[in-house]
Amino acid sequence: MRPTPIPRGAAVGLAALLLASPALAEAPFPAKDEMPKTSLAEVRVVTAALAPVAEQVVLTGDIQAKFLSNIAFRVSGKIQERLVEVGEHVTADQVLARLEPQEQQVNVDTAQAALASAEALLTQAKVTFERQQSLMRSGYTTRTAYDQAEQTLRTTQASVESAKAALGNAREQFSYTELKTGVDGIITARNAEAGQVVQSGQTVFTLAQDGPRDAVFIVSETLLAEPPEGKTVEIVLLSDPRVRTTGTVREISPAVDPSSGGVRVKIGLSKVPPEMSLGAAVVGLGRFRARPSVSLPWSALFRWQDKPAVWVVDPASHTVAPKTVAIERYAGSAIVLSNGIAPGERVVTAGIQLLRPGQRVTVIGEDAR
């Protein structure tokens, strides 16, 4: 249903009636100062200040043996059998593998035959010398014959000693057909199998020796530009943070690892818990020297013109303005700044969502630094 229009004359009459009414004519309009005011934004702030901040470095690495040995045969030959597997713990006198010993056995047999021949010649030389010695006392032989018999005896004695040494060497070479470590440890790698022909000195097993352990980390080269606060590093087992120990920096590689792009750092463990076995993943916690820096809560940070920024309160006008900052690093629930905020400036930490440049604010509280 369409509304009934007010006649033109009625509208004019209504306006005249309003102007003629004394009550309506005397009612004043609200003054400018009495207009309703817009409520100020309520924020919390923190006063920026320089404070010593020690950077904590958290790195992930693994447990490795301090000493690794490459185990190899001392003689060449064909591997007859392999007796251990990777990950197995072995003792110093345990046989790890054997070579086919035919060649070494022939050398032992030859050396034994040479020794028997030399001993037979020595027996004959002794009898001849004793006969010449008896004839010399009776005057029935010449001095020349006596000297020759004595010389033959000495020569055969030397031949016997040489044959004994050769036999000992052959037996030693025969013993090299059995591969032993000489130290206790764990087999970490295997490089040969039964039936394979190996040369003397060719690595067959890699052994992680029992004893000291290292926590090995790959560290960014930039972290080493500034010396740490101390050489002591706390080592935490990744699978069970309750297992902890400490260590000291034992070795820093002089070159960058081409495979990882970092520097290999070895931390010698002062005490090795049983849970920190070889290959266990660990976390290293270290601190660098404290430096005076401005740190702010995470809640103060926002993005302004594609850069990190914070809101700063002007103490005179009680207005806020955005200010870009340079973040040095993130430290837990705080951000450490390298530039942008001067000590003494008041930075908004709560209530930044609805702020705009030049907006007046009311500070309702200040956070502790």
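One structure accompanies this document, and this report is about it. (Residues numbered from 1 in each chain as written. Predicted model: local features only at pLDDT ≥ 70, side-chain atom pairs only at ≥ 80, totals over all residues. Heavy atoms only, no water.)

1. Re helix α3 (residues 102-138)
- Between its first and last C-alpha atoms α3 spans 55 Å; for 37 residues at 1.5 Å apiece the expected length is 54 Å, and the two agree.
- Turning to α3, its buried residues are Q104, V108, A111, L115, A118, L122, A125, F129 and Q132.
- Buried residues along α3 sit in contact with α4 (143-175). (Helix = DSSP H or I, 4+ residues; strand = E, 2+ residues; numbered from the N terminus. Expected span 1.5 Å × (residues − 1). Buried < 20%, exposed > 50% of the residue type's maximum accessible area, 1.4 Å probe, protein only. Contact = heavy atoms within 4.5 Å.)

2. Quick word on the pairing of strand β14 (residues 244-252)
- As paired strands, strand β13 (residues 232-237) and β14 are joined by five bridges and run antiparallel to one another. Looking at the pairing, V233 lines up with G247 of β14.
- Between β13 and the antiparallel strand that follows it, β14, lie six residues.
- Both β14 and strand β15 (residues 263-269) contribute to a ladder of five bridges, which runs antiparallel. Bridge assignment links I252 to a residue of β15, and that residue is V265. (Pairing = 2+ DSSP bridges.)

3. Describing the packing of aromatic side chains
- This model, assessed by the stated rule, comprises three aromatic pairs.
- Look at F302 and W311: their rings are 5.1 Å apart centre to centre, the planes differ by 5 degrees, and that puts the pair in the stacked class.
- Owing to a relative accessible area of 19%, F302 belongs among the buried residues under this scheme.
- When its relative accessible area of 3% is taken as the criterion, W311 is described as buried.
- One aromatic cluster is present, built from ring pairs that chain together F302, W304 and W311. (Phe/Tyr/Trp six-rings, centres within 6.5 Å; stacked < 30°, edge-to-face > 60°.)

4. Describing the sheet that holds strand β22 (residues 334-339)
- Ordered in space as β2-β17-β22-β21, the four strands form an open sheet in which the pairing is antiparallel. Every interior strand has two partners, whereas the edge strands, β2 (50-53) and β21 (326-331), have only one. For this sheet, the mean angle separating the axes of adjacent strands, direction not counted, is 50 degrees. (Axes fitted to C-alpha atoms, helices over the stretch in contact; angles between N-to-C directions.)

None of this, on its own, says anything about what the molecule does.
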